[in-house]
Each structure stands twice: as structure tokens, then as C-alpha cells.
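Each chain, written out:
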Amino acid sequence: MDLYHIWCNLKPGVRDLEFADAVGAYLGWLRGEGLIEGHRFTRRKLGFGPRELGEFHIVVETQHLAQLERAFQQAATRSGEVERLHARVYSAVQDVQFALYRDFPDAVRKRPRAPSGPSGGRRSAGRTRSR
């Protein structure tokens, strides 16, 4: 799973619940179109957290980068329903920062093969014992 993180603050005058509704509508539409798998929308609590990351945090979940790219391409059309929904989100925010993370280790990660043999193929770095 790839996780696209967005941190932001609201522009002056933007209402928090209206922003939450706009994010839910936009990302819900993307999910309905199969362009994302899901999302989380959170707000910093009690002022805890790095100030530079912003008050709001959105995590968009996708199966892989190809799915995320399709979502970006759909938003880039800047037309129709996706633009109406996206505009309600991006026009409300400032101080936006992004990051991309992935589950680790992911399914494609190859692990080194363990050496064969009773000792695992390792030799002692110390002296050998006399028998």
C-alpha cells in the first residue's frame, strides 16, 4: 500500500467542518471511481505535533503508484465533477506539504537467502578448538 500524506492549514475564514466535508466528498468520489483505496482525515490535537506540518493531516491510500498516478491525472483534467470537488479542497488550504510513504517491507522486497548448512554457513571468527 502506498500512502500519500498531505499536511495543511486552513486559509483565514475557512470553516473547519466545511473543509472536512469537502475533503470527504472529494476523496469519496475518487474512491468511488476506483482511483484510491481509502483515506484518513485528522486534525492535530491539543497543539501536539510539529507546527511546520500544519493542523490538518490527510492520508490517501492507494494500491500502488500507478493508481495514485491515475488519481493525479483525473484531477489534472481540471474539468467536470472532479474539478468542482477538488477546487473546494485546494482553495481552502495554505502551508501545504506532501510526502509519499509505503508499507515496509512491501510484497516486492526480496530478502537475502540464508546460507545452507547446519551452522548457517558461518565460520567462527575466533580460534579453532583442538580435539
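Our subject is the structure that appears above.
Residues numbered from 1 in each chain as written. Predicted model: local features only at pLDDT ≥ 70, side-chain atom pairs only at ≥ 80, totals over all residues. Heavy atoms only, no water.

Draft legend 1. Quick look at the pattern of salt bridges. This structure, assessed with the given rule, holds five salt bridges. Its salt-bridge partner being Arg43, residue Glu55 comes within 2.7 Å of it at the nearest N-O pair. Of this pair, Glu55 sits in the loop between strand E2 (38-43) and strand E3 (56-62) while Arg43 is found in strand E2, placing the two residues 12 residues apart along the sequence. Taking the shortest distance from any N to any O, the salt bridge between Arg78 and Glu83 comes out at 3.2 Å. Each of Asp16, Arg43 and Glu55 takes part in salt bridges that share partners, so that together they form one network. (Salt bridge = Lys/Arg side-chain N within 4 Å of Asp/Glu carboxyl O. Helix = DSSP H or I, 4+ residues; strand = E, 2+ residues; numbered from the N terminus.)

Draft legend 2. Representation of the packing of aromatic side chains within the structure. With the rule as written, the count across this model stands at five aromatic pairs. The interplanar angle of 25° and the centroid separation of 5.7 Å between the aromatic rings of Phe41 and Phe56 together place this pair among those described as stacked. Of this pair, Phe41 sits in strand E2 while Phe56 is found in strand E3, placing the two residues 15 residues apart along the sequence. Given a relative accessible area of 28%, Phe41 falls into the partly exposed group. Phe56 sits in the buried class, given a relative accessible area of 2%. (Phe/Tyr/Trp six-rings, centres within 6.5 Å; stacked < 30°, edge-to-face > 60°. Buried < 20%, exposed > 50% of the residue type's maximum accessible area, 1.4 Å probe, protein only.)

Draft legend 3. Here's a closer look at helix H3 (residues 80-90). Listed as buried for H3 are Val82, Glu83, Leu85 and Val89. Buried residues in H3 make contact with helix H1 (16-32), helix H2 (65-76) and strand E4 (93-102). (Contact = heavy atoms within 4.5 Å.)

Draft legend 4. Region of the structure containing the side chain of Glu83. Relative to the elements of secondary structure, Glu83 occurs in helix H3. Those residues within four positions of Glu83 in sequence are excluded, and the remaining contacts are Ala75, Arg78 and Tyr90.

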